[in-house]
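Breakdown of the fold
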Amino acid sequence: MKISNRVARMSPSATAEMAAKALEKKKRGLHVVSFTTGEPDYDSPSSAQDYAFRAIKDGKTHYPPTQGIPELRRAAAEYYREHFGLSYESNEVVVGTGAKQLIYSALGCLIDPGDEVLILSPAWVSYVEQIGLFDGVPVKVDTSDTDYIPDLVRIENARTPRTRAIIINSPNNPTGVVYTSETLRAIGKLAKARNIFIINDEVYERLVYSEGTSPQILKECPDLRDQVLNVNGVSKSFAMTGWRIGYALGPAELIKAISDIQGHVTSGASSISQWASVGALTGGQEDCEKMRVGFEARRNLIVDLLSEIPGVGFRRPNGAFYVFVDIRGFLRPNVPSLADDVAFCLELLDKKNVGMVPGSAFLCPGYVRISYSCSEADIREGVKRFAEFVSEVTKG
Ligand SMILES: Cc1ncc(COP(=O)(O)O)c(C=O)c1O
């Protein structure tokens, strides 16, 4: 069978691959510590559950409006008003099947074949694949040697007349870095001057720890209102990954175009899940805060434990639930099982039953992503085994 070139050139998700390998070992009865998870290990808020049950009982089980039920669009707009002081009308909000699908649809609306999209790497790999699916060109701007802070000169140098958009993601997956107001203002200024559209992926925006807040690009640069799509959702903030609800707020023309795509592709997101999300946004704030506090304690724990391991370098994350660790000092080009970050992760899983995601899955070879969305006991045990592993590697 001939699969189209644009699909055939897609690479499989390394995160899913490592998670599947870890699960396979667990099924064999081994005590595997999986640091691969990309989702909160908390329950969805009870308000979300209540709304979902009620929606089923009330027969809200038919096709919803393609753009999203008005109640959820209103709740999302109200959330942005309350949290960021930004006001959006309901025709400027669209609900989709996760933030992922909304970013995909937005790219479909923004780029023609050959158009370029700037990506600040390390980055979530789906951006690259999604751009490729529209025959666009992902252009990587490296931040790994600038403390994961985008360098404006590099962005400017990567820009060409074909540059249509830039994707920003703060708090960041995989680094946990939260951009400062100054960084956002600088990116905004450049985007304005060069007419580059900004896809602002802020799905981790609620998971920011005590030493900082999560600045918002439009709050910093209000004159960019026609040039920014804010993408958010309930997956990470409310531990609702399985409900598959995201929402986006931006210029009405783009919102309509995204909705038009949905009209032909999904017919809108699940009505039950949309009602559950209304419940989360209107009644789940306490659950969200409880989760944030829980993640902060785990972040503190894992950072303390990792800091004690000789040769392990990382930037202290202040958002999301990941630590991105530099393992280049432990790689051995002449030893196949340690030749690169992928081999390193496979060997670590094989020898110590600890799962991590290789940095190359985030366009950043030589690193690993550790998700601390697991119990404190697992964090202690997993880091202990990781320390043993790198110590054995160092001793050769
Ligand atoms: C940076 C980033 N953006 C978007 C998403 C997608 O979220 P959703 O579950 O809403 O599709 C993820 C999920 O892992 C993510 O890490």
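Residues numbered from 1 in each chain as written. Predicted model: local features only at pLDDT ≥ 70, side-chain atom pairs only at ≥ 80, totals over all residues. Heavy atoms only, no water.

**Comments concerning the site of the ligand**
- Taken together, 13 residues sit near the ligand, with A99, D201, S235, K236 and R244 positioned nearest.
- At a separation of 3.0 Å, an oxygen atom of the ligand approaches a polar backbone atom of K100.
- The contact in question runs from an oxygen atom of the ligand to an N or O atom on the side chain of S235, over 2.7 Å.
- Bound to the protein, the ligand loses 92% of the 400 Å² it would expose on its own.
- Sorting elements by how many residues they give to the shell around the ligand places helix α5 (residues 98-110) first, with three residues.
- Counted by class, the shell around the ligand contains five nonpolar, four polar and four charged residues. (Near = heavy atom within 4 Å. Polar contact = N/O pair within 3.5 Å; in protein donor to acceptor, adjacent residues only side chain to side chain. Areas by Shrake-Rupley, 256 points an atom, 1.4 Å probe, with all protein chains shown as cover. Helix = DSSP H or I, 4+ residues; strand = E, 2+ residues; numbered from the N terminus. Nonpolar A, V, L, I, M, F, W, Y, C, P; charged D, E, K, R; others polar.)

**Details of the sheet that holds strand β10 (residues 322-326)**
- Taken together, the four strands give an open sheet; going across it, the order is β9-β10-β13-β12, and neighbouring strands pair in antiparallel fashion. Each end of this open sheet is capped by a strand with a single partner; those strands are β9 (313-314) and β12 (357-358).
- Note: β10 against strand β13 (residues 367-371), five bridges, orientation antiparallel. Bridging from a neighbouring strand, V323 pairs with I370 of β13. (Pairing = 2+ DSSP bridges.)

**Structural notes on a nonpolar patch on the surface**
- Residues M1, I3, V7 and M10 make up a contiguous nonpolar surface patch of roughly 440 Å² in combined accessible area.
- Locating M10 in the fold gives a position in the loop between α1 (5-8) and α2 (14-27).
- With relative accessibility at 35%, the residue M10 sits in the partly exposed group. (Patch = residues over 30% accessible without salt bridge, like charges linked within 9 Å, V, L, I, M, F, W, Y side chains within 5 Å. Salt bridge = Lys/Arg side-chain N within 4 Å of Asp/Glu carboxyl O. Buried < 20%, exposed > 50% of the residue type's maximum accessible area, 1.4 Å probe, protein only.)

**A short note on the nonpolar core**
- Of all hydrophobic cores here, the largest spans 67 residues; its most connected members are F35, L229, I302, L306, F344, M356 and F386.
- Counting contributing residues, this core receives three or more from each of domain 1 (5-43 + 287-395) and domain 2 (61-283).
- Here I302 is in contact with V323, I370, Y372, I379 and V383, once residues within four sequence places are set aside.
- V95, Y148, I245 and V278 belong to the second largest nonpolar core, which has 57 residues in total. (Core = buried A, V, L, I, M, F, W, Y, C linked by side-chain atoms within 4.5 Å. Domains from an automatic or database assignment. Contact = heavy atoms within 4.5 Å.)

**Brief notes about the domain arrangement of the protein**
- Each assigned domain of the protein is listed with its residue range as follows: domain 1 (5-43 + 287-395) and domain 2 (61-283).
- Averaged C-alpha coordinates put domain 1 and domain 2 at centres separated by 26 Å.
- Every contact between the two is made by 34 residues of domain 1 and, on the other side, 38 residues of domain 2.
- The contact between domain 1 and domain 2 buries some 3100 Å² in all, and 55% of this surface belongs to carbon and sulfur atoms.
- On the domain 1 side of the interface with domain 2, the three residues burying the most area are R315, N318 and L363, jointly 23% of the side's total.
- In this structure, the connection of domain 1 to domain 2 is made through two salt bridges.
- A salt bridge links R9 to D135; the shortest N-O distance between them is 2.9 Å. (Buried area = accessible area lost by both parts, 1.4 Å probe.)

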